[in-house]
Amino acid sequence: MTETFRLTDYDCIGFDLDNTICEYRIGPMVQMIYDVLIDYLIKNYNYSDKHLRQPIDFDFFQRGLFLDAEKGNILKINGNGKILRATHGTKFMSDEEIVSVYGPNRTWAVTDVFVQNFLETWNGPMSEKIRPLLDFFDIPVSLVFGRCVDGVDNLSRPETYSVWPDVLKGLIYMYSRENFSANTGDYFPYLKSTPSLYYNKCPDYVINWLKELKQTKKVFLISGSHVDYANFTATQSLGENWKELFDVAVFYSRKPGFFTSDRPFYSTDSQMLNECDVVDNIQFNNIYSQGNWNQLYDLFKKETGKSNPKCLYIGDNILQDVVAPAKFSSIDTIAVVEEMKLDSNDNDNNPDNNMLRTNKWSSYFVDGEKRDTSIWTSFIANHGKLCIPSVKQLAKKPINFEFTPFTKNKISINGNGFFPFIPNSLYKILK
């Protein structure tokens, strides 16, 4: 008998915010992030204006690439850590060049560790060697990093590169949580000045679907964004009354640590600008900052009256929203992967989906030439229940709709690299 998946089987259903419930316009967002980051690097560290101010090569962007910081390389790997493709700077390396750098097995010790337990590379010395580019806030970094390396090589090719620490400082300058209220760091000021350029409004039918879910389920929100920015984002996408859609919301959750540690919860002020005091007894109908899954799960036990309520979490960041909750907290997860969207006639597609097509790196899911799946395909198949292009696809179906989840033996390599592990029944649903 074929296993089925239904939302009605769950007591509590949670969502990430950015690029899950709230959708960004990827093209303008990526352009803005790229421009802010290169301005910072040129101004503060004298990186090559000639290289960085070239027009953006959108075909170079892809989520899920890895930076080899010391070698100045950018990598795409499979689920076993094998390097499928690589560039030095922005120049693609031949198979022979990859082998000359990483050996005949095309592997790197650091990515091998990442594949086994990504938390070991998340902080500490190893995090200085490797950086996975996990979401749409990250993808411009590949081109910025690559072009910085190109500029360094134009002068002299060092044995070890020191580009990444400078790029990281630029990201901290942009994204530090204090910057939203202070209106500093360029990223938040641009976002606040013309939000309609960067946000897509959430369709009414999705909002109504969330309201319907909340009638029979405990609906929650866990986001990594600081409370003031998260409130702004939710308001732009969901409207002024967005808080009514959720029983409880947690911001600045610091995933994946939210699912692996015991950080305390903090209250937030009534204007949703700052976190305030440590809260020992969290309750529904509140907005919190930081926190941990175990304490939140205890709240769900209390509110559902069940000793083991069944929970589902939906998000776009494969490590933080799919792997970590499933692996460390035994939560069922759904991956939101916008790269799956292909049908140009679907009015619900993000208008910038042309950015997500197969490009110089092949597709997000597979490498067509190598006939191999990416590490993200493996992670989703091993830890997720479903992979969907948007929450909208769930909202279009009745809450009791029976989906057919994919399993490991359903992974196949589609020639064009899209829908590589979705069974035919679900493929038809998502079309």
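S.K.: So what exactly am I meant to see when it comes to the overall build of the protein chain here?
M.R.: Within the protein chain one finds 16 helices and 18 strands. Taking all 431 residues of the protein chain together, the buried fraction comes to 59%. If you take every contact in the protein chain between residues at least 6 apart in sequence, the share linking residues at least 24 apart comes to 71%. Here the protein chain has roughly 17,700 Å² of accessible surface; of this, 45% comes from carbon and sulfur atoms.

S.K.: Sorry if this is basic, but what is going on with the pattern of salt bridges here?
M.R.: Side chains that differ in sign of charge can pair as their charged atoms come close. Tallying each qualifying case throughout the model produces 19 salt bridges. Between Asp39 and Arg53 there is a salt bridge whose closest N-O contact spans 2.9 Å. Residue Asp39 is found in helix α1 (residues 26-45), and its partner Arg53 is found in the loop between α2 (49-52) and β3 (66-68); the two are separated by 14 residues along the sequence. Relative accessible area serves as the criterion here: at 43%, Arg53 is assigned to the partly exposed category. With a shortest N-O distance of 3.6 Å, Glu369 and Arg85 are connected by a salt bridge. In this pair, Glu369 sits in the loop between β16 (366-367) and β17 (372-373) while Arg85 sits in strand β5 (residues 83-88), placing the two residues 284 residues apart along the sequence. Judged by relative accessible area, which is 13%, Arg85 ranks as buried. One connected set of salt bridges, linked through shared partners, spans Arg6, Asp9 and Glu402.

S.K.: Just to check I follow, could you spell out the confidence of the model for the protein chain for this structure?
M.R.: Low-pLDDT stretches of the model should not have their predicted coordinates read in fine detail. Across the protein chain, the average pLDDT comes to 90, with 90% of residues at 70 or higher. Within the model, pLDDT remains below 50 along residues 407-431, and this stretch shows 64 contacts once partners closer than five positions in the same chain are excluded.

S.K.: I keep staring at the sheet that holds strand β7 (residues 130-132) and nothing clicks. Help me out?
M.R.: Across a sheet, paired strands are connected by hydrogen bonds in the backbone, their directions being either parallel or antiparallel. Reading across the sheet, the five strands line up as β6-β5-β4-β3-β7 and stay open at both edges, with antiparallel pairing between neighbours. Here the strands that pair on one side only, and so sit at the sheet edges, are β6 (91-92) and β7. Summarising the sheet, β5 and β6 pair through two bridges and their orientation is antiparallel. Bridge pairing links His88 to Lys91 in β6. Of the strands in this sheet, β3, β4 (73-77), β5 and β6 touch helix α3 (residues 95-102), which is tilted by about 90° from β5.

S.K.: In this structure, what is going on with the pairing of strand β12 (residues 275-279)? I would like to understand it.
M.R.: Consecutive residues of a regular strand have side chains that alternate between opposite faces of the sheet. The sheet contact formed by strand β11 (residues 265-268) and β12 spans three bridges and is antiparallel. Among the inter-strand pairings, Phe265 is bridged to a residue of β12, identified as Val279. The turn joining β11 and β12, which pair antiparallel and follow one another in sequence, is formed by six residues; a positive phi near 55° is taken by Met272.

S.K.: Looking at this model, I keep getting lost on the packing of aromatic side chains. Mind explaining?
M.R.: Centre-to-centre distance and the angle between the planes together describe a pair of aromatic rings. Following the criterion strictly, the structure yields 42 aromatic pairs and no others. Relative to Phe379, the ring of Trp376 lies with its centre 5.7 Å away and its plane at 70°, an arrangement referred to as edge-to-face. In this pair, Trp376 and Phe379 are both assigned in helix α14 (residues 375-383), three residues apart and thus about one turn of the helix distant. Each member of the pair, Trp376 as well as Phe379, carries the same accessibility label: buried. Through a chain of ring-to-ring contacts, the aromatic side chains of Phe220, Phe258, Phe259, Phe265, Phe284, Tyr288, Trp293, Tyr297, Phe300 and Tyr313 assemble into a single cluster.

S.K.: So what exactly am I meant to see when it comes to the nonpolar core here?
M.R.: Most often, soluble globular proteins keep nonpolar side chains buried together rather than apart. Counting residues in each nonpolar core, the largest one holds 51 residues, and the members touching the most others are Trp293, Leu296, Phe300, Ile318 and Trp376. In contact with Ile318, other than residues within four places in its own chain, are Val323, Ala335, Val337, Tyr364, Trp376, Phe379 and Ile380. Grouped together as the second largest cluster of nonpolar side chains are 49 residues, Ile42, Tyr47, Val149 and Tyr187 included.

S.K.: Where do I start with helix α5 (residues 140-155) in this structure?
M.R.: Every α-helix carries 3.6 residues per turn, so stepping three or four residues along brings you back to the same face. Across its 16 residues, α5 extends 24 Å between first and last C-alpha, which sits within 8% of the 22 Å expected from 1.5 Å per residue. Across the 16 residues that make up α5, a large majority, twelve, are buried. Along α5, the positions that sit buried rather than exposed are Pro140, Val141, Ser142, Leu143, Val144, Phe145, Gly146, Arg147, Cys148, Val149, Asp150 and Gly151. Tucked inside the fold, the buried residues of α5 contact α1, α2, β3, β4, β5 and α6 (163-175).

S.K.: What exactly am I supposed to notice about α1 here?
M.R.: Along its 20 residues, α1 runs 28 Å from first to last C-alpha, staying within 8% of the 28 Å computed at 1.5 Å per residue. Buried residues dominate α1, accounting for 14 of its 20 residues. Looking one or two residues past α1, Asn46 carries a phi angle of roughly 60°, positive in sign.

S.K.: When you look at the sheet that holds strand β14 (residues 311-315) in this model, what are you seeing that I'm missing?
M.R.: Reading across from one edge, β12-β11-β13-β10-β9-β1-β14-β15-β18 is the order of the nine strands in this open sheet, with mixed pairing throughout. With partners counted over all chains shown, the strands left at the sheet margins are β12 and β18 (386-388), one partner each. Across the sheet, the mean angle separating the axes of adjacent strands is 25° when strand polarity is ignored. As paired strands, strand β9 (residues 218-222) and strand β10 (residues 248-251) are joined by three bridges and run parallel to one another. Considered in β10, the bridge of Ile222 is made with Val250. Contacting β1 (12-15) and β9, helix α10 (residues 204-216) runs over the sheet at an angle of about 150° to β1.

Analysis parameters
- Residues numbered from 1 in each chain as written.
- Predicted model: local features only at pLDDT ≥ 70, side-chain atom pairs only at ≥ 80, totals over all residues.
- Heavy atoms only, no water.
- Helix = DSSP H or I, 4+ residues; strand = E, 2+ residues; numbered from the N terminus.
- Buried < 20%, exposed > 50% of the residue type's maximum accessible area, 1.4 Å probe, protein only.
- Contact = heavy atoms within 4.5 Å.
- Areas by Shrake-Rupley, 256 points an atom, 1.4 Å probe, with all protein chains shown as cover.
- Salt bridge = Lys/Arg side-chain N within 4 Å of Asp/Glu carboxyl O.
- pLDDT = per-residue confidence, 0-100.
- Pairing = 2+ DSSP bridges.
- Axes fitted to C-alpha atoms, helices over the stretch in contact; angles between N-to-C directions.
- Phe/Tyr/Trp six-rings, centres within 6.5 Å; stacked < 30°, edge-to-face > 60°.
- Core = buried A, V, L, I, M, F, W, Y, C linked by side-chain atoms within 4.5 Å.
- Expected span 1.5 Å × (residues − 1).

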